[in-house]
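# A closer look at the structure
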Amino acid sequence: MGMGMGMKVEIHSSLERVGVERWNALMVACGAPVFYYSSFLTAFEQLPLHAVRESFYVVGVGDDGALQFGFPAFLLADTDPMRVLATHFGELTGKPVILSHVWHCYDSWLPARSLDEATVRPAVEAFADLASQVGAAAYGFVNVEGDGPLAVALDRAGLGGKAIDRRFNIDLRRFADSKAFLQNLGPSARSAAHKCRNRAERAGVSSRFVDIANGDIDGFIKLARANAAKYNNSDYYRPGLFNEFVGMLGAQAKLLEIRQGDRLIGAAVCLTDAQRFHFWACGSDYEAIPRVSPFYLAFLAILGEAFRTGAPMLEAGRRNETFKLRYGFSPHPVQAHIATRNGTAPS
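Here is a short report on the structure shown in this document. (Residues numbered from 1 in each chain as written. Predicted model: local features only at pLDDT ≥ 70, side-chain atom pairs only at ≥ 80, totals over all residues. Heavy atoms only, no water.)

### Details of the overall build of the chain
Each helix and strand counted, the chain has 12 helices and 13 strands in total. In summary, the chain has a C-alpha radius of gyration of 21 Å against a globular reference of 20 Å for 347 residues, a match within 12%. If you line up the chain on its principal axes, its C-alpha atoms span 65 × 40 × 35 Å. Burial status across the chain gives 55% buried among its 347 residues. (Helix = DSSP H or I, 4+ residues; strand = E, 2+ residues; numbered from the N terminus. Rg over C-alpha atoms; globule rule 2.2 N^0.38 Å. Buried < 20%, exposed > 50% of the residue type's maximum accessible area, 1.4 Å probe, protein only.)

### Some words on unusual backbone geometry
The general pattern is negative phi for most residues beyond glycine and trans for most peptide bonds. Of the consecutive residues Ser100 and His101, the connecting peptide bond is found in the cis state with omega at 10°. Here His101 lies in the loop between β5 (96–100) and α5 (117–134). With a phi angle near 65°, Asn143 is a residue other than glycine that sits in the positive phi range. The residue Asn143 is located in strand β6 (residues 138–145) in this model.

### Comments concerning the nonpolar core
The biggest cluster of nonpolar side chains holds 59 residues, and the ones touching the most others in it are Phe220, Phe245, Val269 and Trp280. With 40 residues, the next largest nonpolar core counts Ile258, Ala298, Ile302 and Ala316 among its residues. (Core = buried A, V, L, I, M, F, W, Y, C linked by side-chain atoms within 4.5 Å.)

### Looking at the state of the cysteines
Per the stated rule, a full pass over the model turns up zero disulfides. No disulfide involves Cys105; its sulfur sits 13 Å from the nearest other cysteine sulfur, which is in Cys30. On the basis of relative accessible area, Cys105 is assigned to the buried category, the value being 0%. With no disulfide of its own, Cys270 lies 8.4 Å from the sulfur of Cys282, the closest cysteine sulfur. Taking the relative accessible area as the measure of exposure, Cys270 reaches 1% and is therefore buried. (Disulfide = S-S within 2.5 Å.)

So, to be careful, I would describe these as geometric facts and stop short of saying anything about function.
Dropping the structure here:
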């Protein structure tokens, strides 16, 4: 497809065609998050969590055959569960767009050996070519960390960014354990967490982390769909499909179950990669126990588990800002770097 200095750009329709081992070697080398692991992408190829017309992998291959960069691109039509396009790029509503990554990924990368111009510019040019080949009205990267190096590199390559959201994480390396972390919070947040935990203990609540295969993933989906219904977004968790998808993630996924007796009152799907413990998806029954929020309990359990596994970072994605800011998460701007096919950023 195009030649760079000692780099050939190729576009493939499946990860298998790219070469799974070659792909994973690049992801490990640059420390990419779990959404770029072959387990997640292969699961998405087979069980797309939201409507995808076509999937592609854009890769830069060096003279030695190793990947210099690689990113997935998905042709979407009217798929906008977080209402990002509707809110920020209204003129694209209903038009086909090709984006990287999927909406269930809140931390989009251009995984590369280097984010220098000789790598990023050919990657962006190939993306633009692909957009015109598939008839997309626009192309680009969504959920890029606005204060990170990729945002700067994409700007330089002519793909400007627009703030669309914020995502939240905690650098766990600053604390010895979850006790030390909680000690560092403001007194009212600390006291609310302790009270919630104590009330839950008195009500006989227990929690455990299990492999997806041994957990009540149907119960999780019921809770998560009920919570998402408030935002008309239940199908972010499609029954059957979502269960199978997380089942394919193997060791990269864990289920937290919070129970009162036999009753599931809270659950969360957590993802892991080499650098991060992801608080990815949560469902809570807020009516189950007076003045006990299963979401608080999930956060406390996940915080403890993240420390136990030795993860340097705890990631908690977008939205729910009030809680996350109160409980010590750092906000990061999230940008969409999207251009229309003629190369201009949408207004």
